[in-house]
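Structural overview
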Amino acid sequence: MYRTHTCGELRAADVGKEVTLAGWVQKVRNLGAMTFIDLRDRYGITQLVVDEHAPAALKEGADGMGREFVIQVVGHVVERAAKNPKIPTGDIEVALDEVKILSKADTPPFTIEENSDGGDDLRMKYRYLDLRRGPLQRNMMLRHRMAQSARSFLDREGFLEIETPFLIGSTPEGARDFVVPSRMNPNQFYALPQSPQTFKQLLMVAGYDKYFQIVRCFRDEDLRADRQPEFTQIDCEMSFVEQNDVLDTFERMARFMFFETLGVEFGAKPFRRMPWAEAMARYGNDKPDLRFGMEIHELTALAKGHGFGVFDDAEYIGAIAATGCAGYTRKQIDELTEYVKRPQIGAKGLVWIRLDESGEIKSSIDKFYSPDVLRGWATELGAQNGDMIFVVSGERRRSLTVLSELRLELGGRLGLRDKTKFVPLWVVDFPLLEWDDETARFYAMHHPFTSPKPEDIPLLESDPGAVRANAYDFVVNGVEVGGGSIRIFDSALQARMFDLLGFTPEQAQAQFGFLMNAFRYGAPPHGGIAFGFDRFCSLFGGADSIRDYIAFPKNNSGRDVMIDAPSTIDQAQLDELFLKTVKPE
Ligand code: ASP
């Protein structure tokens, strides 16, 4: 037997037992007469001790252990003189009788402890070593528990886990496809699924009325922070449901997962719901962080017509009141101004109004607006003495984005974005279509299979941009964790949708004919949702990065630096695939 116990298992009640442990040497401390070894496995750390009475050979053996050696030890459990309350095994240590090296190790390139001294790149290159560290092991265990809890919930609710293929054609989720050449079909390519969207809809046509899959998806996107080219979704679809049924089911799932993994209740019952238009107006974006207030208020009507050209010419004027920030210094205001002027945010400037504790009002627009007028704005905003109001103006959408970013930045600075607090929200009633000026055409805001609200269908002809969809996002703390929709299940309406999106009937037929044809053979009403599982894990774990919850992630340039992929392939393989490579310019 390699071990009688794991390194996380022994307690005071085990004192006196003879045990065999196996694991990795995290640290050796030679204190002259005694030697201590921290032995680690994924269950914990147990302190091993060789005391002054031990035979010289045993002491020598213990002193000769290098970091990360894999060893097996036999010893007996003793109570520690100096207890360590920080670890579960801290009351005991194992006094050694025998030590055996199972596997030697080179000196690791970074310390494998709670906090490592290794930089990001090095830890990615030696990911298997980084994965030995406590924080990553806890992340992997959290991920496992979350996946199991989702499975057990969905199983209990009658969902079937059904696999769908990876070698498919294009799925329109709005990103580029990763493609795979086909050797047996020269010059033809598969696309890897951006999601199993079309297949899960076909499963509904096939009568599998509750489907799920914890499934890898592939999207060739420019990697913004916290995106991975391959990521995992909890992908679900149901038949004979309306929006409410889907929201209710997955709200229960989220709550179940949360309780199972973290042991606490998740959010208010039922989760709050907010129409998209309201989220945009009050928070400036479609995934509002509701852990704090500081809502946006529109001042367009109040602020225009006082001779201040910047405001008079603006399409939109809006503001937020930063709670308790009247004391901000010039430097702090300049910092915030620079923050919102960054190209990604794109503000032209920031107007401030200081509501002193004394009741005095000062502002950067004193020349145009009397304190009385500004007091009126403060009332509109619900601002108090002691607050600082920030006003942004310009084109509506842009200004809302600026206010949204400013709000989040201030929320962060004021410590209002507490990682231990979770506020879930359904954002509903998304627009069906989004107009793109550059290409002068509509795009599907969710995807082309999303159904319009029945009452808005007439608008498809007169004012497509105003049509609302039966689409919903699941948002927690300002992070979009899931999204889905009730689908179109009528081939004529689906054809009209492709038409609006600029597909010719031939193109639509070529790309999605299989789905529209399927709809001709008895399609049930259906809808579903997919959760970004990696993001869900990082959220539950209270972390910012999804990378820490993926065992083998890619780096920011989409590379796996450990196995060095992607890489070139040899000429024979290219020939077999009928491929020629071209040097990039
Ligand atoms: N396929 C969608 C997505 O990946 C989710 C859904 O509509 O169910 O975002």
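Summary of the structure given here.

So, about the packing of aromatic side chains. We describe a pair of aromatic rings using the distance from one ring centre to the other and the angle between the two ring planes. Applying the stated criterion to the full structure yields 31 aromatic pairs. Measuring from centroid to centroid gives 6.3 Å for F308 and Y369, while their planes differ by 90 degrees, and the two rings are edge-to-face. Highlighted residues: F308 in the loop between helix 8 (300–303) and helix 9 (309–312) and Y369 in the loop between strand 15 (361–363) and helix 11 (371–381), separated in sequence by 61 residues. Classification of F308 by relative accessible area gives buried; the value is 13%. According to the relative accessible area criterion, Y369 is buried, its value standing at 1%. Through a chain of ring-to-ring contacts, the aromatic side chains of F159, F250, F258, F266, F271, F422, W426, Y472, F474, F531, F536 and F540 assemble into a single cluster. The cationic tip of R354 hangs over the ring face of W352; the distance from NZ or CZ to the ring centre is 5.2 Å. If you follow R407 out to its NZ or CZ, it ends over the ring of F292, 4.1 Å from the centre.

What follows concerns empty space enclosed by the protein. Taken as a whole and judged by the stated rule, the model has two cavities of 30 Å³ or more. What the largest cavity holds in volume is close to 40 Å³. In terms of lining, the largest cavity is formed by M124, R127, F552, P553, D560, V561 and M562. For the lining of the largest cavity, the residue count by class is five nonpolar, no polar and two charged. By volume, the second largest cavity is sized at about 30 Å³. In terms of residue class, the lining of the second largest cavity is built from six nonpolar, two polar and one charged.

Here we come to the site of the ligand. Taken together, 14 residues lie around the ligand, and E173, Q197, K200, H446 and R487 are the ones closest in. A distance of 2.7 Å separates a nitrogen atom of the ligand from a polar side-chain atom of E173. With respect to the ligand, the side chain of S195 contributes an N or O atom lying 3.3 Å from a nitrogen atom. In isolation the ligand has 270 Å² of accessible area, and contact with the protein removes 92% of it. If you list the elements that add at least two residues to the shell around the ligand, you get helix 5 (197–205), strand 21 (479–486) and strand 22 (526–532). Broken down by element, the shell around the ligand gets its largest block of residues, three residues, from strand 22. Of the residues belonging to the shell around the ligand, the class tally is two nonpolar, eight polar and four charged.

Attention now moves to the environment of N555. Its place among the elements puts N555 in the loop between helix 16 (533–540) and helix 17 (571–576). The spatial distance from the C-alpha of N555 to the C-alpha of F259 is 32 Å, given a sequence separation of 296 residues. Leave out the neighbours within four places in its chain, and N555 touches M124, L223, R547 and V561. At a separation of 2.8 Å, a polar atom in the side chain of N555 contacts the main-chain amide nitrogen of S557.

Attention now goes to the side chain of T164. Looking at where T164 falls in the secondary structure, it is placed in the loop between strand 6 (160–161) and strand 7 (179–181). Side chain to side chain, T164 and Q213 meet in a polar contact 3.0 Å long. If we skip the residues at most four places from it in the chain, T164 touches P196, F199, L203 and Q213.

Looking now at the nonpolar core. Counting 39 residues, the largest nonpolar core has I234, F250 and F474 as its most contacted members. Among the elements that line this core, the one with the most residues is helix 6 (residues 243–262), at eight residues. Core analysis: the second largest hydrophobic core is formed by 32 residues, L433, V467, L501 and F503 among them.

What counts, and where the lines are drawn
Every residue gets a number counted from 1 within its own chain, in the order that chain's sequence is written. This being a predicted model, a pLDDT of at least 70 is required before a residue's local features are given, and a value of 80 or more before pairs of side-chain atoms are given or counted; all residues contribute to the totals for chains, interfaces and linings. Neither water nor hydrogens contribute to the side-chain values; these are computed over all heavy atoms in the structure. Side-chain rings of Phe, Tyr and Trp, where Trp is taken by its six-membered ring, are said to pair if the distance between their centres is within 6.5 Å; with planes under 30 degrees apart they count as stacked, over 60 as edge-to-face, and otherwise as tilted. A helix here means a DSSP run of H or I that spans at least four residues, while a strand means a run of E at least two residues long, and both kinds are numbered starting from the N terminus. Whether a residue is buried, partly exposed or exposed follows from its accessible area with a 1.4 Å probe, protein chains only, as a fraction of its type maximum: under 20%, in between, or over 50%, in that order. Over a ring means this: the NZ of a Lys or the CZ of an Arg is within 6 Å of the ring centre and within 35 degrees of the ring normal. Put plainly, a pocket is an open set of points on a 1 Å grid over the protein atoms alone with protein on both sides within 12 Å along at least five of seven lines, a cavity is a set where a 1.4 Å probe fits but cannot get out, and a lining residue has an atom within 4 Å of a point. Grid points are joined across faces, edges and corners, and a volume is the space filled by probe spheres set on the points. Throughout, the ten residues Ala, Val, Leu, Ile, Met, Phe, Trp, Tyr, Cys and Pro are labelled nonpolar, Asp, Glu, Lys and Arg are labelled charged, and all others, Gly among them, are labelled polar. Distances are taken per atom, and a residue is near a molecule or strand as soon as one of its heavy atoms is within 4 Å of it. Pairing of N or O atoms within 3.5 Å defines a polar contact, subject to two protein rules: one partner must be a possible hydrogen donor and the other a possible acceptor, and residues neighboring in sequence count only if both atoms are side-chain atoms. Note that accessible areas follow from Shrake-Rupley with a 1.4 Å probe, and for residues the cover is restricted to the protein chains shown. In what follows, residue pairs with any heavy atoms lying within 4.5 Å of each other are defined as contacts. Residues grouped as a nonpolar core are buried Ala, Val, Leu, Ile, Met, Phe, Trp, Tyr and Cys residues, joined through side-chain atoms within 4.5 Å.

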